[in-house]
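# Commentary on secondary and tertiary structure
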Amino acid sequence: METFLMGFGYIFPAYVANATPVVAVKLLGKAHPIDNRLYLPDGRRLLGDGKTIEGLIAGIAIGTLTGTLINVFIFQLFRTFYEILTIATGAMAGDILGAFIKRRLGLPQGHPAPMLDQLGFLIASLLLTHILFTLPQWLDIFTIILLLVLTFAMHVGTNLFAYSVGLKDRWY
Ligand code: CTP
Ligand code: MG
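Presented here is a report on the structure given in the accompanying data block. (Residues numbered from 1 in each chain as written. Chains lettered and ligands numbered in written order. Predicted model: local features only at pLDDT ≥ 70, side-chain atom pairs only at ≥ 80, totals over all residues. Heavy atoms only, no water.)

This brings us to the packing of aromatic side chains. For the structure on display, the rule yields seven aromatic pairs. Ring geometry for Tyr10 against Trp138: centres 5.8 Å apart, planes inclined by 90°, an arrangement best described as edge-to-face. Here Trp138 lies in the loop between helix 4 (116-133) and helix 5 (141-164) and Tyr10 lies in helix 1 (residues 2-28), a separation of 128 residues in the sequence. A connected cluster of aromatic rings, assembled from ring pairs, spans Phe8, Phe12, Tyr15 and Phe121. Between the NZ or CZ atom of Arg45 and the centre of the ring of Tyr39, over which it lies, the distance is 6.0 Å. (Phe/Tyr/Trp six-rings, centres within 6.5 Å; stacked < 30°, edge-to-face > 60°. Helix = DSSP H or I, 4+ residues; strand = E, 2+ residues; numbered from the N terminus. Lys NZ or Arg CZ within 6 Å of the ring centre and 35° of its normal.)

Here it is, written out as structure tokens:
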């Protein structure tokens with residue numbers, strides 16, 4: 001149980017990074033697509049309008065801030081600032097890679113891609129952090145799997161909430 005709570009704290013900055021752009025773009029009103037509206041030869045956008053520079057920066061910044069606050073005020077889970085930065089950045093990179101894959105599969109922006117939408121950002125975040133810094137010893141594979149399963153369920157719940165308060169146009 002202790003390990004599970006620590007694991008949850010460890011991946012929390014990735015959740016925050018992933019959720020921040022929706023709110024940030026809503027507050028800003030307009031934002032610039034990362035792909036600069038580029039179309040690839042397959043007739044689809046490189047990424048689409050759902051991945052913006054403002055959303056990316058806000059996600060990394062707020063995600064990293066969240067991890068820093070967890071480390072200072074709640075529990076020291078992260079070894080360095082760069083580890084936190086990587087968790088947040090990895091989440092955003094995974095989300096962008098997910099959009100790239102969805103466009104190549106011909107799925108329009110906002111179209112649901114089960115598993116990829118809910119877990120892509122988290123798997124990318126953990127993978128990048130593991131490659132660069134090696135995940136902490138205490139974060140074992142069973143805890144990671146449990147966190148992934150719960151994240152999937154939570155993500156669906158969060159989207160339902162965002163839809164009900166008008167932050168998203170679709171419930172999924
Ligand atoms: N968003 C953003 N910049 C990002 C990520 C997200 O501006 N780097 C904003 C966009 O307004 C986006 C919303 O957050 O529409 C929801 O994000 P997400 O569900 O990841 O994007 P989708 O709109 O579903 O687009 P895609 O199909 O490409 O994933
Ligand atoms: Mg989406």
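Topologically, Gln118 is positioned in helix 4. Of note is the side chain of Gln118, whose polar atom sits 2.8 Å from the backbone nitrogen of Met115. Gln118 has contacts with Ala113, Thr151, Phe152 and His155, leaving out every residue within four places of it along the chain. (Polar contact = N/O pair within 3.5 Å; in protein donor to acceptor, adjacent residues only side chain to side chain. Contact = heavy atoms within 4.5 Å.)

Turning to the site of ligand 1, a few remarks are in order. Close to ligand 1 lie 16 residues; Lys51, Thr52, Lys102, Arg103 and Gly110 are nearest. One nitrogen or oxygen atom from the side chain of Arg103 is found 2.7 Å from an oxygen atom belonging to ligand 1. Residue Gly110 places a main-chain N or O atom 2.8 Å away from an oxygen atom belonging to ligand 1. Starting from 570 Å² of accessible surface for ligand 1 in isolation, the protein chains cover 85%. Elements represented by at least two residues in the shell around ligand 1 include exactly helix 1, helix 2 (53-74) and helix 3 (81-104). Sorting elements by how many residues they give to the shell around ligand 1 places helix 3 first, with five residues. When its residues are assigned to classes, the shell around ligand 1 shows six nonpolar, five polar and five charged. (Near = heavy atom within 4 Å. Areas by Shrake-Rupley, 256 points an atom, 1.4 Å probe, with all protein chains shown as cover. Nonpolar A, V, L, I, M, F, W, Y, C, P; charged D, E, K, R; others polar.)

Shape descriptors only; they carry no functional weight alone.
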